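Residue strings, one per chain:
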Amino acid sequence: MADGAILPRESGVSDRPMKQAVPFCAPPSMAVELRLPNAGTIRGMGIAQGITLIVGGGYHGKSTLLKALERGVYNHIAGDGREYVITDDTAVKIRAEDGRSIKKTDISMFINGLPNGRDTKLFATEDASGSTSQAANVIEAMEAGTQLFLIDEDTSATNFMIRDELMARVVHPNMEPITPFIDRVDELSAHYGISTILVAGSCGSYFYKADRVIQMMGYQPADITQTAKQEAERFLDMTKDKPVLKAAERPSFARVFTAGKKAAANDRMKVKGMGKDAVSIDRDTIELRYVEQLVDNEQTMALGYMVKYAKQHLFDGKKDLRQIAGMLEALVKEQGIGAVCEGRYLPCNLAVVRVQEIFACLNRCRTLS
């Protein structure tokens, strides 16, 4: 996050930088310098791998900072204000997504022992709850190769993120099928090498887990890690004696899909974009409104053509989702985005997407089996 960056936007419907906004300035303890070939040396805030907590009062810039990091997976045009806000390009924004479809995803790392005996190793539903949708979003992001989770407390399912000590005493752990994210965040970092940046405004439980704590005050960051850790030590450590993830509990990504013989034989599938919210492929609408790192309608259209191409050529009942997404990504890199259209006349309204968004779209396609 470079010094002088303008993070807030002009409005909720504009991507232009806000006029007279407070320029970003790195706290001294987190300042780093990078030497660029065409811009000389720039200074800014470097967030190291591990678990980072962003806290602060309301309207002080926590979510604005996270939003800038979300968009840091893309290059920015001059004048955007966030030209030197750069994030690991595999970063994925994780949130709850009530009502989404889930296709046989192994969410047992977080949810197990459901009272109705449902299999969470191959969990499937057409109407996910907040906790099951967020668990699936985490596992699917892992499947897509992410190295960084970006999470905002405001858009998360509370029972997926935390479970306080009093609730654990009233409702015995043996009766609770959810292992919250706070009990897995260390394992994700240590075993999978996946970092987490979490915005928290009301819950202090993650102070025990955080490697560093950034407080936003008047739109400026301050490194309060030492103070936060000292305050946390005065309270009961709620994270001890929590379950450790066993090797057998680690998620499997061996999901194989088919699209049906009809799809493979149908050369006249129509692709229709609905802004950034959805794309329709032959009357099958894929909801994408909560895939928050899609920034252009053209990306949504490109995803529609990718799903169409995959249905016609790749879903053969033998390839898993990682292979299919990888083949789509490789095809576009080698031949350009038009390769997935296959027509004589190519649509002009397409833009490149990351493999993480390809996964997100395929995972929300209800007609795959």
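Anything mentioned here points back to the structure above.
Read on for an overview of the structure. Note that the structure is a prediction, hence the values are computed from the model and not measured.

**Overview of the overall build of the protein chain**
A count of helices and strands for the protein chain gives 10 helices and 17 strands. At 22 Å, the protein chain has a C-alpha radius of gyration in line with the 21 Å of a compact globule built from 369 residues. Considering only C-alpha atoms, the protein chain reaches an extent of 65 × 55 × 30 Å along its principal axes. Residues classed as buried in the protein chain amount to 51% of the 369 residues present. Counting contacts in the protein chain only where the partners sit at least 6 residues apart, residues at least 24 apart contribute 68% of the total. Carbon together with sulfur atoms contributes 51% to the accessible area of the protein chain, which is approximately 18,400 Å² in total. One way to put it: in the protein chain the 46 positive side-chain charges average out to a point 5 Å from where the 47 negative ones average out.

**Things to note about the pattern of salt bridges**
One pass over the structure, following the stated rule, counts 22 salt bridges. Where R43 meets D3, a salt bridge forms, and the shortest distance between an N and an O atom there is 2.4 Å. On the criterion of sequence distance, the pair formed by R43 in strand β4 (residues 40-45) and D3 in the segment before β1 (9-11) is long-range, its members being 40 residues apart. Salt-bridge contacts for K311 lead to D284; the nearest nitrogen and oxygen are separated by 3.5 Å. Within this pair, whereas K311 is found in helix α8 (residues 297-313), its partner D284 is found in strand β16 (residues 284-287), the two being separated by 27 residues in sequence. K311 sits in the buried class, given a relative accessible area of 7%. A relative accessible area of 9% means that D284 is categorised as buried.

**Examining the sheet that holds strand β11 (residues 212-217)**
Spatially, the six strands line up as an open sheet ordered β6-β9-β10-β5-β11-β12, and their pairing is mixed. Unpaired on one side and paired on the other, β6 (92-94) and β12 (220-223) mark the two borders of the sheet. This sheet shows a mean twist of 25° between the axes of neighbouring strands, independent of strand direction. Relative to strand β10 (residues 195-199), strand β5 (residues 51-56) runs parallel, the two being bridged by four bridges. Opposite T52, over in β10, you have I197 as the bridge partner.

**Thoughts on unusual backbone geometry**
Glycine aside, residues mostly have negative phi angles, and peptide bonds mostly take the trans form. Here the phi dihedral of Y59 falls at roughly 65°; this positive angle occurs in a residue that is not glycine. Within the fold, Y59 resides in the loop between β5 and α1 (62-71). The backbone phi angle of D282 is positive, close to 55°, even though this residue is not glycine. The topology assignment puts D282 in the loop between β15 (278-281) and β16. Overall, D282 belongs to the partly exposed group, its relative accessible area being 40%.

**Here we look at the side chain of R9**
Within the secondary structure layout, R9 lies in strand β1. Given a relative accessible area of 13%, R9 falls into the buried group. A polar contact of 2.7 Å, which involves the side chain of R9, links it to the backbone oxygen of D15. Beyond its immediate sequence surroundings of up to four residues, R9 is in contact with S14, D15, R16, P17, M18, D80 and R82.

**Quick notes on the pairing of β15**
Residues A278 and S280 point to one face of β15 and V279 and I281 to the other, with burial holding for every one of them. In this structure, the hairpin formed by strand β14 (residues 271-274) and β15 is closed by a connection of three residues, where G275 is found at a positive phi of approximately 65°. As judged from the four bridges shared by β15 and β16, these two strands associate in the antiparallel manner. Bridging from a neighbouring strand, I281 pairs with D284 of β16. What sits between the antiparallel neighbours β15 and β16 is a turn of two residues, in which D282 has the positive phi angle 55°.

**Focus: the packing of aromatic side chains**
Applying the stated criterion across every chain yields a total of four aromatic pairs. Measuring from centroid to centroid gives 6.3 Å for F149 and F181, while their planes differ by 65°, and the two rings are edge-to-face. With F149 in strand β9 (residues 148-152) and F181 in the loop between α4 (165-170) and α5 (185-190), this pair connects stretches of sequence that are 32 residues apart. Taken individually, F149 and F181 each receive the classification buried, so the pair is uniform in this respect. A centroid spacing of 6.0 Å and a plane angle of 35° characterise the contact between F160 and F181, whose relative ring orientation is tilted. Of this pair, F160 sits in helix α3 (residues 158-161) while F181 sits in the loop between α4 and α5, placing them 21 residues apart in sequence. The buried category is assigned to F160, whose relative accessible area is 0%. By relative accessible area, which is 0% here, F181 ends up buried. Members of the aromatic cluster, each reached through a chain of ring pairs, are F110, F149, F160 and F181.

So, how was this worked out
Residues numbered from 1 in each chain as written. Predicted model: local features only at pLDDT ≥ 70, side-chain atom pairs only at ≥ 80, totals over all residues. Heavy atoms only, no water. Helix = DSSP H or I, 4+ residues; strand = E, 2+ residues; numbered from the N terminus. Rg over C-alpha atoms; globule rule 2.2 N^0.38 Å. Buried < 20%, exposed > 50% of the residue type's maximum accessible area, 1.4 Å probe, protein only. Contact = heavy atoms within 4.5 Å. Areas by Shrake-Rupley, 256 points an atom, 1.4 Å probe, with all protein chains shown as cover. Lys, Arg positive; Asp, Glu negative; His and termini not counted. Charge placed at Lys NZ, Arg CZ, Asp CG, Glu CD. Salt bridge = Lys/Arg side-chain N within 4 Å of Asp/Glu carboxyl O. Pairing = 2+ DSSP bridges. Axes fitted to C-alpha atoms, helices over the stretch in contact; angles between N-to-C directions. Polar contact = N/O pair within 3.5 Å; in protein donor to acceptor, adjacent residues only side chain to side chain. Phe/Tyr/Trp six-rings, centres within 6.5 Å; stacked < 30°, edge-to-face > 60°.

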